[in-house]
Amino acid sequence: MAKSNRGVVSSLRSLLSFGEESEAGKDATTLLHEDHDRVDALFSRFEAATGNAEKRDIARKTIAELRVHAQLEEQLFYPSLASELEDDEMVKCAIEEHGLMKHLLDDLDRMRPNDGSFDAKYKVLTEIVRHHVREEESQVFPAAQSSDLDLDALGLELLELKRSLISGKRVSRKSGGRRSAARKRSRTTGRTTAAKRRATAAARRAKKTAAKARGGAKKKASSRKKAASRRR
């Protein structure tokens, strides 16, 4: 294992370790919001740091936090929310922002604090993530809270995946992930609700089209009648 990777794994286990009493029972958006708070605290610590060793330690913890957080959202939270939305553009934008963030994380992981652009790179990461968090907490989380998602069940899934990532195990929803019965019911209900919304919208469009066609037919008939009257 590369030296930098060992540092990230160590940061994961020391910073992200948690007990049943601290996070169990919290819903998905609450867990993700707490991740945001921990990362922002690291950003503030870096801004106040002076020594290179301290900066490197904070950067490693930041990298660990953000990589785990991004995987939680991309593997579980975003797909679940997208399935509930008629327009999932906000989810697509969030994923694109994750791509920019992960590129910066890779750069920082290869750098040393005494590299000329280390502080600047970390500052750009800070600005991108804080912008991302503002949009997520003002738009994405409210959309999830007003949807049919079972956020409590999803929170349990996030917690299980987080533990697996911290312990170094790879978890796939297809092969190793478990879904609760409540989670399955939530997704089924969400698909049914979305289908009903689409059917209602299609019915409205069909009704408007029919009304427009009737109006056009009446207008043509009236024009023909007037033309015939003038010929007489």
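Everything below is about the structure shown above.
A few points on the structure. What you see is a predicted model; the values in this text were computed from it and never measured.

1. Some remarks on helix α5 (residues 89-110)
Point 1. Between its first and last C-alpha atoms α5 spans 33 Å; for 22 residues at 1.5 Å apiece the expected length is 32 Å, and the two agree.
Point 2. Restricting attention to buried positions, one finds in α5 the residues Val91, Ala94, Glu97, His98, Met101, Leu104, Leu105, Asp107, Leu108 and Asp109.

2. What about the nonpolar core?
In a soluble, globular protein the nonpolar side chains are often hidden away together inside.
Point 1. Ranked by size, the top nonpolar core spans 21 residues in total, and within it Phe77, Leu81, Leu154 and Leu158 carry the most contacts.
Point 2. With 7 residues, helix α4 (residues 52-82) is the largest single contributor of residues to this core.
Point 3. Contact partners of Leu81, with chain neighbours within four places excluded, come to Val91, Val140, Ala143, Ala144 and Leu149.
Point 4. Counting residues in each nonpolar core, the second largest holds 20 residues, with Ala49, Ala70, Leu125 and Val129 among its members.

3. Quick look at the environment of Asp106
Point 1. Examined against the element boundaries, Asp106 turns out to sit in helix α5.
Point 2. Under the relative-accessibility criterion, Asp106 is labelled partly exposed at 34%.
Point 3. In the structure, Asp106 is positioned 43 residues away from Ile63 in sequence and 8.5 Å away in space, judged by C-alpha atoms.

4. A look at the pattern of salt bridges
Point 1. Overall, the coordinates contain 15 salt bridges when judged by the stated rule.
Point 2. Among the salt bridges present, the one from Arg130 reaches Asp40, with a minimum N-O distance of 2.7 Å. Of this pair, Arg130 sits in helix α6 (residues 118-145) while Asp40 sits in helix α3 (residues 28-48), and the two are 90 residues apart along the sequence.

5. Some thoughts on the packing of aromatic side chains
Point 1. Tallied over the full model, the rule gives 5 aromatic pairs.
Point 2. For the ring pair Phe46 and Tyr122, a centre distance of 3.7 Å and an interplane angle of 15 degrees mean the geometry is stacked. Of this pair, Phe46 sits in helix α3 while Tyr122 sits in helix α6, placing them 76 residues apart in sequence. Each member of the pair, Phe46 as well as Tyr122, is classed as buried.
Point 3. Aromatic pair Phe77 and Tyr78: ring centres 6.0 Å apart, planes at 50 degrees, arrangement tilted.
Point 4. Note on Tyr78: relative accessible area 1%, which makes it buried.

Criteria and thresholds
- Residues numbered from 1 in each chain as written.
- Predicted model: local features only at pLDDT ≥ 70, side-chain atom pairs only at ≥ 80, totals over all residues.
- Heavy atoms only, no water.
- Helix = DSSP H or I, 4+ residues; strand = E, 2+ residues; numbered from the N terminus.
- Expected span 1.5 Å × (residues − 1).
- Buried < 20%, exposed > 50% of the residue type's maximum accessible area, 1.4 Å probe, protein only.
- Core = buried A, V, L, I, M, F, W, Y, C linked by side-chain atoms within 4.5 Å.
- Contact = heavy atoms within 4.5 Å.
- Salt bridge = Lys/Arg side-chain N within 4 Å of Asp/Glu carboxyl O.
- Phe/Tyr/Trp six-rings, centres within 6.5 Å; stacked < 30°, edge-to-face > 60°.

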